Amino acid sequence: MKRPLNVLSVFCSVPSQSCGIQMFLLSPIPSSCSFLQAYAQGPSDPPSLAPSKSSAPSDAPSEVPSLKPSAAPSDEPSLKPSAEPSLLPSLAPSDAPSLTPSAEPSLEPSLKPSASPSDVPSLQPTDVPSLTPSAQPSDAPSDLPSVSPSMAPSVSAAPSSTPSAPPTRPEPQIEIDFTGFCLNFVNSTLPVATYTNFYTFLGDAMETEIINYLNPKLTTPGQRILSLAITEIDGNAVGRRLEERKLADSLTEVKYDLTFEQFCTRGNCDDATQLTQAALDFLITNVATLVNSTAFLEALKNDLVTNHNIDLADLNGMEKTQSGGCTPTFVVNSIFPMMYYPDWAGANTGCIADGNEDEYMRLNPEGYYLFDKLVDCCSRHYSWNYNECAGIDNAALGPDGEALYYPDWEGENKSCKNDGGQPEYMSNNPTAWMFETLEACCTARYSWNMNDCVGAAGATTVTGSNKWYPNWEDFVCVQDCVGDSPCGGLAESWDPLYDTVNTCCDTKLNWVTECVTKSGGTSTGATAAAATTSGKWYVDYDTDTCKQDCVGSAPCGGAAESWEVLYDTVSACCQGKLWWVESCGPYAG
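Cut-off values and rules
Residues numbered from 1 in each chain as written. Predicted model: local features only at pLDDT ≥ 70, side-chain atom pairs only at ≥ 80, totals over all residues. Heavy atoms only, no water. Helix = DSSP H or I, 4+ residues; strand = E, 2+ residues; numbered from the N terminus. Buried < 20%, exposed > 50% of the residue type's maximum accessible area, 1.4 Å probe, protein only. Contact = heavy atoms within 4.5 Å. Expected span 1.5 Å × (residues − 1). Core = buried A, V, L, I, M, F, W, Y, C linked by side-chain atoms within 4.5 Å. Disulfide = S-S within 2.5 Å. Phe/Tyr/Trp six-rings, centres within 6.5 Å; stacked < 30°, edge-to-face > 60°. Pairing = 2+ DSSP bridges. Axes fitted to C-alpha atoms, helices over the stretch in contact; angles between N-to-C directions. Parallel < 35°, antiparallel > 145°, perpendicular 65-115°, else oblique. Left-handed = near helix turned anticlockwise from the far one by under 90°. Nonpolar A, V, L, I, M, F, W, Y, C, P; charged D, E, K, R; others polar. Salt bridge = Lys/Arg side-chain N within 4 Å of Asp/Glu carboxyl O. Arc of directions from axis to C-beta.

## Let's talk about the side chain of Thr 276
- Counting through the fold element by element, Thr 276 comes out in helix H3 (residues 272-291).
- Overall, Thr 276 belongs to the buried group, its relative accessible area being 0%.
- Leaving out residues up to four positions away in the same chain, Thr 276 has contacts with Ile 174, Ile 176, Phe 178, Phe 330 and Val 332.

## Considerations on helix H2 (residues 198-214)
- In this model H2 runs 24 Å from its N-terminal to its C-terminal C-alpha over 17 residues, within 8% of the 24 Å that 1.5 Å per residue would give.
- Among the residues of H2, Phe 198, Tyr 199, Phe 201, Leu 202, Gly 203, Ala 205, Met 206, Ile 210, Ile 211 and Leu 214 are the ones counted as buried.

## Points about the nonpolar core
- One finds Phe 178, Phe 198, Met 206 and Tyr 256 to be the most contacted residues of the largest nonpolar core, which totals 43 residues.
- Non-local contacts of Phe 178, meaning those with residues more than four positions away in its chain, are made with Asp 257, Leu 258, Phe 260, Thr 276, Ala 279, Leu 280, Leu 283, Thr 329 and Phe 330.
- With 19 residues, the next largest nonpolar core counts Tyr 406, Cys 416, Leu 438 and Val 454 among its residues.

## Side note on the state of the cysteines
- A complete count under the given rule lists eleven disulfides for this structure.
- Each disulfide pairs two cysteine sulfurs, and for Cys 416 the partner residue is Cys 441, the sulfurs being separated by 2.1 Å. Where Cys 416 bonds to Cys 441 through sulfur, the torsion about that S-S bond is close to -85°, and the disulfide is left-handed. In this pair, Cys 416 sits in strand E12 (residues 416-417) while Cys 441 sits in helix H10 (residues 438-445), placing the two residues 25 residues apart along the sequence. Residue Cys 416 shares its accessibility class with Cys 441, and that shared class is buried.
- Between Cys 442 and Cys 453 runs a disulfide, and the two sulfur atoms are separated by 1.9 Å. Given an S-S torsion of about -75°, the disulfide between Cys 442 and Cys 453 has left-handed geometry. Of this pair, Cys 442 sits in helix H10 while Cys 453 sits in helix H11 (residues 450-456), and the two are eleven residues apart along the sequence. The two residues Cys 442 and Cys 453 agree in class, both being buried.

## Points about the packing of aromatic side chains
- Overall, the coordinates contain twelve aromatic pairs when judged by the stated rule.
- A ring pair is formed by Tyr 360 and Tyr 369, whose centres lie 5.2 Å apart and whose planes are at 85°; its orientation type is edge-to-face.
- Taking relative accessible area as the criterion, Tyr 369 reaches 8% and is therefore assigned buried.
- For the ring pair Phe 475 and Trp 511, a centre distance of 6.2 Å and an interplane angle of 70° mean the geometry is edge-to-face. Residue Phe 475 is located in the loop between strand E13 (468-471) and strand E14 (476-479), and its partner Trp 511 is located in the loop between helix H12 (501-508) and helix H13 (515-518); the two are separated by 36 residues in the primary sequence.
- You can call Phe 475 buried: its relative accessible area is 16%.
- An aromatic cluster is defined as three or more aromatic residues linked by ring pairs; in this entry it consists of Trp 344, Tyr 360, Tyr 368 and Tyr 369.

## Thoughts on the pairing of strand E15 (residues 537-540)
- Bridging between E15 and strand E16 (residues 545-548) involves four bridges; their strand directions are antiparallel. Residue pairing in the sheet places Trp 537 in a bridge with Gln 548 of E16.
- Hairpin remark: E15 followed by E16, antiparallel, with four residues in the connecting loop; positive phi at Asp 544, about 55°.

## Regarding the packing of H2 against helix H4 (residues 294-308)
- Between H2 and H4, the shortest axis-to-axis distance is 9 Å and the interhelical angle comes to 120°. Considering the angle they form, H2 stands oblique to H4. Between H2 and H4 the crossing geometry is right-handed. Between H2 and H4, the contacting residues are Phe 198, Phe 201, Leu 202, Asp 204, Ala 205, Met 206, Thr 208, Glu 209 and Ile 210 on the first element and Phe 296, Ala 299, Leu 300, Asp 303, Leu 304 and His 308 on the second.
- Its residues assigned to classes, the contact of H2 with H4 shows ten nonpolar, two polar and three charged.

## A short note on unusual backbone geometry
- One non-glycine residue, Asp 234, lies in the positive phi region at around 50°.
- By relative accessible area, which is 31% here, Asp 234 ends up partly exposed.
- For Glu 514, which is not glycine, the phi dihedral falls at a positive 55°.
- Assignment of secondary structure puts Glu 514 in the loop between H12 and H13.

## A look at the packing of H2 against H3
- Packing of H2 against H3 brings their axes to within 11 Å, and their N-to-C directions diverge by 120°. Accordingly, the angle class assigned to the pair H2 and H3 is oblique. Here H2 and H3 pass one another in a crossing that is right-handed. Each of Glu 209, Ile 210, Tyr 213 and Leu 214 in H2 lies in contact with H3, whose residues at this interface are Phe 282, Leu 283, Asn 286, Val 287, Thr 289 and Leu 290.
- Residues belonging to the contact of H2 with H3 are distributed by class as follows: seven nonpolar, two polar and one charged.

## What about the pattern of salt bridges?
- Summed over the entire model, instances satisfying the criterion amount to six salt bridges.
- Notably, a salt bridge pairs Lys 417 with Asp 408, separated by 3.4 Å at the nearest N-O pair.
- Given the relative accessible area of 8%, Asp 408 is considered buried.

## Some remarks on the environment of Cys 487
- Relative to the helices and strands, Cys 487 resides in the loop between E14 and H12.
- Between the C-alpha atoms of Cys 487 and Gly 464, which are 23 residues apart in sequence, the distance is 9.5 Å.
- Ignoring any residue separated from it by four or fewer positions in sequence, one finds Cys 487 in contact with Gln 479, Cys 481 and Val 482.

## Here's the deal with H4
- Look at H4: 21 Å from first C-alpha to last across 15 residues, which is about the 21 Å you get at 1.5 Å a residue.
- When H4 is considered as a whole, its buried residues turn out to be Phe 296, Leu 297, Leu 300, Lys 301, Asp 303, Leu 304 and His 308. All buried residues of H4 project into a common sector of 160° when viewed along the axis, lining one side. Exposed positions of H4 whose direction lies more than 90 degrees from the buried face are Thr 294, Ala 295 and Thr 306.
- Buried residues along H4 sit against strand E3 (173-189), H2, H3 and strand E7 (320-323).

Structure below.
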């Protein structure tokens, strides 16, 4: 194996020669330069286990000293110093932050923003809105609200097969007058001379006892006796005030009528006559059973004593009662009401009341399928076709015949109109979509763009409060009114209103020079807002100073906002919030 070419520049001193030589060692080195032989051979493959140690530093130190000598070298310096500084700064930063902050803020802002936001809002808001919106909405909400509701609302083709609980009053219903019932008092004398109201008391007692006896025996749902009225006493017709008639105390016969209520089993009540005859048969049989009993007479006496303060001894002349030989008749007094229901199975353009509603409608509570009033049924089930359903003409006109206002969603969508060009669904339900005045329409449909709404329609009657509110685009205060400056249009619901321009400027725009003048007002010094300030101190982060909660010249900084932390003295304010600012005070900055 060939050795590598050894090129050495050395100074060699031997007995036979002394020279500086450069050799290309292609052949063995002379024995006189034995030290070169060892050098030329290169390091030993196994290094020495006992390396030599110099007892004295080198007499020939390096001619090229370090360019960055250590000021305080370590006793054990690193064998591999870092070529780059640490990416993790100190965990103990300076107690005094820099008075000259960086021109390039961090790409990762703090998760805990300042508790004292700036009084001057940004002119360039973020393109990505917050997931937690502000309690004070934007001055420029969306220009694209929903165009219009559906003109063809869905209608269920199959109502629920499991209706709700049975109704409290199924419909329709009939009311019947049964006339000509007779009650005979046998061998009886009544104390009419002692008690001038006795016949009235007797009628009340008969009504109570007869109705309380018969109603529990009525088993058909919806049947009940409503009232009883005496019509004759011994052939003498009587009016409502029985005591006014000079009737004999020797009583033989009393005629009376009963008013009865009955539900129909079919929607159109075409079975009313059949139902009434069955009810009459029931009454004749059961009334006879009652009045022929001794228990009935005793019940009458007990009622007169208990409820009308009649002395029992005065009733000894009432000896016996029995059913008379009268033949009662009946009159169907009223059928009320055949209720309105949605005509889904027919033309499906409105509600009808013909008694032919489906069974599931009658089995549900009144007010969902069945309605006493047509307008209620139309409002619930045909709001999209209300005009036709309710049979109303010119519904899009106001009480004086003037055209109503409607939102112009299908046009420029900036305001309300009253030109009669509203969509059909609005005409069919003007109560929901149309308004008597422009202001009412704009308030309901364009509250987010109120000024443009009333202005676009050329309104001249709409007025504001004439108070003042801040205009954050121009940083002036404007008046809540429609017209030339200083009117700024009608204030939005979230705009704070102030009685004077001075109060508005001092409270919301106190950093704006000549705010009052720019707003079209005349400066009058301190305003009524001073009465609501505390005189305490708060931080003005724009100037790194503490300002006083008051309105006027320095050190007043205007009325403090609700979120400001207030301090009793300027020193406490500086020490608490601006301790690193040496010049902190009311006049600094």
